[in-house]
2 protein chains.
Amino acid sequence: MNKTIRPTESELDILSILWEKDSATVREVHEVVQKTKDVGYTTTLKLMQIMNEKGLVTRNVSSKTHIYTPSLNREKAQEHFVGKMIQTLFSGSTSQLVMQALGRQKPSDSDLAEIKSMIQKLERK
Amino acid sequence: MNKTIRPTESELDILSILWEKDSATVREVHEVVQKTKDVGYTTTLKLMQIMNEKGLVTRNVSSKTHIYTPSLNREKAQEHFVGKMIQTLFSGSTSQLVMQALGRQKPSDSDLAEIKSMIQKLERK
DNA sequence: GATTGCTTACGAATACAATCGTATAATATA
DNA sequence: TATATTATACGATTGTATTCGTAAGCAATC
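Residues numbered from 1 in each chain as written. Chains lettered and ligands numbered in written order. Predicted model: local features only at pLDDT ≥ 70, side-chain atom pairs only at ≥ 80, totals over all residues. Heavy atoms only, no water.

Observations concerning the protein's contact with DNA strand D
- Inspection of the region around DNA strand D gives 22 residues, with A:Arg27, A:Tyr41, A:Lys64, B:Thr8 and B:Lys64 positioned closest.
- Sugar and phosphate atoms constitute 60% of the interface atoms of DNA strand D, taking the interface as everything within 4 Å of the protein.
- Within the side chain of A:Arg27, one N or O atom sits 2.5 Å away from a phosphate oxygen of DNA strand D.
- Interatomic distance of 3.0 Å between a side-chain N/O atom of B:Ser10 and a phosphate oxygen of DNA strand D. (Near = heavy atom within 4 Å. Polar contact = N/O pair within 3.5 Å; in protein donor to acceptor, adjacent residues only side chain to side chain.)

Some remarks on the pattern of salt bridges
- Counting across every chain of the model gives 14 salt bridges over all chains.
- The shortest N-O distance in the salt bridge between A:Asp13 and B:Lys84 comes to 3.6 Å. In this pair, A:Asp13 sits in helix H1 (residues 9-21) while B:Lys84 sits in helix H4 (residues 74-89), so the two residues belong to two different chains.
- Classification of B:Lys84 as partly exposed rests on a relative accessible area of 30%.
- By sharing partners, the salt bridges in this structure join A:Arg6, A:Lys84, B:Glu9 and B:Asp13 into a single network. (Salt bridge = Lys/Arg side-chain N within 4 Å of Asp/Glu carboxyl O. Helix = DSSP H or I, 4+ residues; strand = E, 2+ residues; numbered from the N terminus. Buried < 20%, exposed > 50% of the residue type's maximum accessible area, 1.4 Å probe, protein only.)

Quick look at the protein's contact with DNA strand C
- Within the structure, DNA strand C sits among 20 residues, and A:Thr8, A:Gly40, B:Arg27, B:Tyr41 and B:Lys64 are positioned closest to it.
- Sugar plus phosphate: this is where 62% of the atoms of DNA strand C within 4 Å of the protein reside.
- In the model, a phosphate oxygen of DNA strand C is placed 2.9 Å from a nitrogen or oxygen of the B:Arg59 side chain.
- One of the side-chain N or O atoms of B:Lys64 is found 2.9 Å from a base oxygen in DNA strand C.
- Within the surface near DNA strand C, the residues separate by chemical class into three nonpolar, nine polar and eight charged. (Nonpolar A, V, L, I, M, F, W, Y, C, P; charged D, E, K, R; others polar.)

Next comes the structure, spelled out in structure tokens:
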């Protein structure tokens, strides 16, 4: 159903916090937001209310302080944005993106191992 | 100096076309844009004029039909957006992004070889 | 040289994102 | 209970992106 749901940049910031915490109150989210962005509490509140209207999150209203939960699937969002990015920034080349990502910092040994096994699996295909 | 230059989504679409072609006229760009988006010619024109004002592109005005060239470095844009994406969508994990990218389609044999050699280089570090 | 077609320039409308102030209700605390 | 604190609701403003209509210039063609 959610084919055309495209969170804005601020919404993505909030979603990423919710994905980390699984669910959270406005204040909890705002505390994290504030670390990188100088905005008022009601701004974060309003944003999350709008996200609720859009269906990006759901909320539990049973207590005075509402608890928000992401309803947009993280993996879906990943697919959407990675796909878009490959198109516009890497002329459609997945491996170009991979190269650029790998080049930006040395992954940990366990990360490398994981990636290697992924590649081996792909080679067997 | 161009630290805070953030092309919008439409601007990115146009930039990606310009990066492909190296340089192009408004009509050439618009022809490609139209394939995926139903907008008028003057919309594309205006967008490219704004991009010129912002310094995202330069243009050669010596003939009646102007020729636009991207001035924003593609690699810089890649770094910016890949970094942002790793943060918001992959909790800061580069390898997670790599896994997701690799998983979305089997890269060609030569791509795989390239990625493998990249990994070997990283392992030696 | 009038007509047609393609071009840029530019103002303006529309839409959407982001921000915040204020009112109001609920809860905790003095 | 009165006061302070914390929460939501919501209107309104501001900023920015996107879209397009219309005018005007230039060049090819009738």
